[in-house]
Amino acid sequence: MTTFRPKYITFDCYGTLTNFQMAEAARDLYGDRLDEPKMLEFIRNFAAYRLDEILGDWKPYAEVVHNALERSCKRNHVSFKDEDARMVYERVPTWGPHADVPAGLAKVAKEIPLVILSNAMNAQIMSNVGKLGAPFHAVYTAEQAQAYKPRFKAFEYMLDMLGCGPEDILHCSSSFRYDLMSAHDLGIKNKVWVNRGHEPANPFYGYVEISDISGLPGVVGL
């Protein structure tokens, strides 16, 4: 891995590069109605339902957020309002990067083209990408692919658009469930796990672990 120079480095965006703040949004909405243990349970449920909502046929991300939030409220006996889901959805384009991201990306971008594959809408993602501090060769969305990760269709769309195979890329993500497990199953051997604390390590899937994006240049020998 330390000497592998891919044609492209491909990235998950939300959570890996962009500071994903769904938990903070949930706290702003329901923190005054739930004590801390119940709030943590709500946040876990909200994350799980978002994943469940994207495993079928593609639908707009506003529906994903709406349905996941409504199901979380029902499970936790909290009243749900449509405007709460709209507020969460509309926050997404305002989120900026983790502090380590701009410098690390900028160093790598000088030598290797960077690509994003994101579970986003076209209207959302470029606002987030513009805050990352580095140029990207391409940005692909679930809306374009008509599939959300972890579905293989999303990754296959990206590879088709790039005109390359699994052996040509290095895929970088902070999530096994959304990215690295599917990447493994599709034959993407070169993977980087950014340990943001979202999920436990899972060595079976074969990756280089870094604590943040400042470690990425070293992975590709820069």
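Predicted, not measured: the structure shown is a model, and the values here were computed from it. (Residues numbered from 1 in each chain as written. Predicted model: local features only at pLDDT ≥ 70, side-chain atom pairs only at ≥ 80, totals over all residues. Heavy atoms only, no water.)

Trainee: It is not clear to me how unusual backbone geometry should be interpreted in this structure. Could you clarify?
Mentor: Across residues other than glycine, the phi torsion is negative in most instances, and most of the peptide bonds are trans. A cis geometry characterises the amide bond from Lys149 onward to Pro150, with omega recorded as 15 degrees. Looking at the element boundaries, Pro150 is found in the loop between α7 (142-145) and α8 (152-162). With phi around 60 degrees, His77 is a residue other than glycine that occupies positive phi space. Here His77 is to be found in the loop between α3 (61-76) and α4 (82-91). Here His77 falls in the exposed class, since its relative accessible area comes to 76%. If you check the backbone angles, Gln146 has positive phi at about 60 degrees while not being a glycine. Positionally, Gln146 belongs in the loop between α7 and α8. Among the residues examined, Gln146 registers a relative accessible area of 37% and is labelled partly exposed. (Helix = DSSP H or I, 4+ residues; strand = E, 2+ residues; numbered from the N terminus. Buried < 20%, exposed > 50% of the residue type's maximum accessible area, 1.4 Å probe, protein only.)

Trainee: So what exactly am I meant to see when it comes to the side chain of Thr16 here?
Mentor: Along the chain, the position of Thr16 falls in the loop between β1 (8-11) and α1 (22-30). The class for Thr16 is buried, based on a relative accessible area of 0%. A polar side-chain atom of Thr16 sits 2.8 Å from the main-chain amide nitrogen of Ser174. If we ignore the near neighbours within four places in the chain, the residues touching Thr16 are His98, Val101, Cys172, Ser173, Ser174, Val194, Arg196 and Ile213. (Polar contact = N/O pair within 3.5 Å; in protein donor to acceptor, adjacent residues only side chain to side chain. Contact = heavy atoms within 4.5 Å.)

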